Amino acid sequence: QIKESASQTRDVLKQHFNDLKGTLEKLLDERLVTLLQEVDTIEQETIKPLDDCQKLIEHGVNTAEDLVREGEIAILGGVGEQNEKLWSFTKKASHIQLDSLPEVPLLVDVPCLSAQLDDSVLNIVKDHIFKHGTVASRPPVQIEELIEKPGGIIVRWCKVDDDFTAQDYRLQFRKCTSNHFEDVYVGSETEFIVLHIDPNVDYQFRVCARGDGRQEWSPWSVPQTGHSTLVPHEWTAGFEGYSLSSRRNIALRNDAESSGVLYSSAPTYFCGQTLTFRVETVGQPDRRDSIGVCAEKQNGYDSLQRDQAVCISTNGAVFVNGKEMTNQLPAVTSGSTVTFDIEAVTLGTTTNNNEGGNFKLRVTISSNNREVVFDWLLDQSCGSLYFGCSFFYPGWKVLVF
């Protein structure tokens, strides 16, 4: 790990500073081009009037030279010819304004270009470069635990650097056969359940943190590999009244008029596990609504508020074998999480052989930071349980994991 991480760190540093050099060189070249264009613009705009002035002066001088030569020729000619040429010379001279020349500006009145360069920028850049980048021997956060769930994995992490104050955490995962990590969570919590995990497939997880008041992320934790051997929970497909997601772990109560209990496709919940329902959206509540578990599927019922089942209604009422308990949980709202933890307690036999055995389970239902605990008697032992839900009005969407 030391050798591989050191090699990767060298490659990252080299690549980053090469990119930085290329970017700085590009920025400096762009700034140089901009300044040179400013020089060209000032030169072209201020030299044009002077060029025009020079042309007028040269034109006046040339005109004067031509007139002088014409006068000299007139003097050298005969009397008759001389008078005619002198008359032409005099007439032409009277129409030419030899003393009309443009005003030539003083040197102090015309631009004198120069470049103003602040050498202090080198010290500023040097100071930033000397402080840019750090090398850490250990990341400030590490993954602490991976807990398998049906169709998911709970990832827990902790801070291992006491001097580091974390503001946010960032969790990524990938299949071990993939080269690309994906963001799955960013926030202040130190635990997150990653869903849509295929059973018996290895995944890698890593986490980093952002310090309080900082923008950059810390180095990544050492990747941890985990997998889930538990079969994902799925709702029964094809049940009129409910629409399912592609993975069949999300059920949406649609507008169909039919009613009844939507069960799991198989009894995939086992005692000792935690079964979680997350309400994504809500519709109109009804006291007959139910979310819970049961020993077996029983068609013909509109709710899990029946024998051999435990459930919670959307108004927070808790039912055991069809009877409402005195204790009640808060009403279910959008974003609510309802969990069922069930453990086997005892297996006893009654004196009446016709009644068979009573199987006792200890049930804990939690919702909105409240919980109720009670014993649930079943007619017979169940190695696994079904889960289900029923809603009388559309709009309710429930995720199970």
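Residues numbered from 1 in each chain as written. Predicted model: local features only at pLDDT ≥ 70, side-chain atom pairs only at ≥ 80, totals over all residues. Heavy atoms only, no water.

Some thoughts on the UniProt feature "domain: Fibronectin type-III" (unreviewed entry) in the protein chain
Stage number 1. Mapped onto this structure's residue numbering, the UniProt feature "domain: Fibronectin type-III" (unreviewed entry) falls at residues 139-232.
Stage number 2. Structurally, residues 139-232 comprises 0% helix and 53% strand, and the distance from its first C-alpha atom to its last is 33 Å. (UniProt positions renumbered as here; feature names shortened; annotations may be inferred. Helix = DSSP H or I, 4+ residues; strand = E, 2+ residues; numbered from the N terminus.)

Remarks on the sheet that holds strand β2 (residues 152-159)
What links the strands of a sheet is backbone hydrogen bonding, and the strands pair in either a parallel or an antiparallel sense.
Stage number 1. A sheet is described by the order of its strands in space; here three strands give the open sequence β1-β2-β5, paired in antiparallel fashion. Of all the strands in the sheet, the pair left with one neighbour each is β1 (141-149) and β5 (191-195). Strand after strand, the sheet turns through a mean of 25° between neighbouring axes, direction not considered.
Stage number 2. Pairing analysis gives eight bridges linking β1 to β2, with the strands arranged antiparallel. From the neighbouring strand, Gln142 faces β2, where its bridge partner is Cys158. (Pairing = 2+ DSSP bridges. Axes fitted to C-alpha atoms, helices over the stretch in contact; angles between N-to-C directions.)

What to know about unusual backbone geometry
Stage number 1. Although it is not a glycine, Asn200 adopts a positive phi angle of roughly 60°.
Stage number 2. For Asn200, the location among the structural elements is in the loop between β5 and β6 (203-211).
Stage number 3. You can call Asn200 exposed: its relative accessible area is 57%.
Stage number 4. The backbone phi angle of Gln308 is positive, close to 65°, even though this residue is not glycine.
Stage number 5. One can find Gln308 in the loop between β12 (290-294) and β13 (309-312). (Buried < 20%, exposed > 50% of the residue type's maximum accessible area, 1.4 Å probe, protein only.)

Observations concerning a nonpolar patch on the surface
Stage number 1. Judged by side-chain polarity, Leu24, Leu27, Val121, Leu122, Val125, Ile129 and Phe130 come together as a nonpolar surface patch covering roughly 660 Å² of accessible area.
Stage number 2. Of all the secondary structure elements, the ones that give two or more residues to the nonpolar patch are α1 (2-76) and α3 (120-131).
Stage number 3. Among the elements that make up the nonpolar patch, the one with the highest residue count is α3 (five residues).
Stage number 4. As for its placement among the helices and strands, Leu27 is situated in helix α1. (Patch = residues over 30% accessible without salt bridge, like charges linked within 9 Å, V, L, I, M, F, W, Y side chains within 5 Å. Areas by Shrake-Rupley, 256 points an atom, 1.4 Å probe, with all protein chains shown as cover. Salt bridge = Lys/Arg side-chain N within 4 Å of Asp/Glu carboxyl O.)

Structural notes on the domain arrangement of the protein chain
Often, the extent of an interface is quoted as the loss of accessible area upon association of its parts.
Stage number 1. Once the domains are mapped, the protein chain shows domain 1 (1-131), domain 2 (141-226) and domain 3 (242-347 + 357-400).
Stage number 2. Relative to domain 2, the C-alpha centre of domain 1 lies at a distance of 62 Å. (Domains from an automatic or database assignment.)

Things to note about the environment of Ala166
Stage number 1. Looking at the secondary structure, you find Ala166 in strand β3 (residues 166-175).
Stage number 2. Relative accessible area serves as the criterion here: at 24%, Ala166 is assigned to the partly exposed category.
Stage number 3. Distance in space between the C-alpha atoms of Ala166 and Leu329 is 34 Å, their sequence separation being 163 residues.
Stage number 4. In this view, Ala166 contacts Lys159, Ala209 and Arg210; residues no more than four positions away in its chain are not counted. (Contact = heavy atoms within 4.5 Å.)

Some points on the UniProt feature "coiled-coil region" (unreviewed entry) in the protein chain
Stage number 1. Within the UniProt annotation, "coiled-coil region" (unreviewed entry) is assigned to residues 10-45.
Stage number 2. As annotated, residues 10-45 has a helix share of 100% and a strand share of 0%, and its two end C-alpha atoms lie 53 Å apart.

Quick word on the sheet that holds β3
Stage number 1. Strands sit in the order β4-β3-β6-β7 across an open sheet of four strands; the sheet is antiparallel. The outermost strands of the open sheet, each flanked by one partner alone, are β4 (182-187) and β7 (224-226). Mean inter-strand twist for the sheet, computed between neighbouring axes without regard to direction, equals 25°.
Stage number 2. In this structure, β3 lies alongside β4, joined through five bridges in antiparallel fashion.

What to know about α3
Stage number 1. The end-to-end C-alpha distance of α3, which contains 12 residues, comes to 17 Å, matching closely the 16 Å that a straight helix rising 1.5 Å per residue would cover.
Stage number 2. At the exit of α3 stands Gly133, carrying a positive phi of roughly 85°. (Expected span 1.5 Å × (residues − 1).)

Some words on the nonpolar core
Stage number 1. Counting 36 residues, the largest nonpolar core has Trp235, Phe277, Phe340, Ile365, Phe374 and Trp376 as the members making the most contacts within it.
Stage number 2. Sequence-distant contacts of Ile365, defined by excluding residues within four places in its chain, comprise Val318, Leu329, Val338, Thr339, Phe340, Arg370, Glu371, Val372 and Phe374.
Stage number 3. Residues Trp157, Phe164, Val194 and Val207 belong to the second largest nonpolar core, which totals 16 residues. (Core = buried A, V, L, I, M, F, W, Y, C linked by side-chain atoms within 4.5 Å.)

Remarks on the layout of surface pockets
Stage number 1. Its volume calculated, the largest pocket comes out at about 1,700 Å³.
Stage number 2. Around the largest pocket sit 41 residues that line it, and Thr9, Ala136, Ser218, Pro219 and Trp220 are the ones nearest its centre.
Stage number 3. Mapped by element, the contributors of at least two residues to the lining of the largest pocket are α1, β3 and β6.
Stage number 4. Among the elements that take part in the lining of the largest pocket, α1 stands out by supplying 10 residues, more than any other.
Stage number 5. Considered class by class, the residues forming the lining of the largest pocket number 17 nonpolar, 13 polar and 11 charged.
Stage number 6. Of the domains in this structure, domain 1 (1-131) and domain 2 (141-226) are the two that each give at least three residues to the lining of the largest pocket.
Stage number 7. Broken down by element, the residue count for the lining of the second largest pocket peaks at nine residues, all from α1.
Stage number 8. In the lining of the second largest pocket, the residues fall into 13 nonpolar, two polar and four charged. (1 Å grid on protein atoms, 1.4 Å probe; cavity = no way out; pocket = protein on both sides within 12 Å on 5 of 7 lines; lining within 4 Å. Points joined across faces, edges and corners; volume = space filled by probe spheres on them. Nonpolar A, V, L, I, M, F, W, Y, C, P; charged D, E, K, R; others polar.)

Observations concerning the pairing of β6
Stage number 1. The element β6 is extensively covered by neighbouring structure, given that nine of its nine residues are classed as buried.
Stage number 2. The two faces of β6 match: Tyr203, Phe205, Val207, Ala209 and Gly211 on one face and Gln204, Arg206, Cys208 and Arg210 on the other face are all buried.
Stage number 3. Pairing between β6 and β7: three bridges, direction antiparallel. The residue of β7 that forms the bridge with Gln204 is Thr225.

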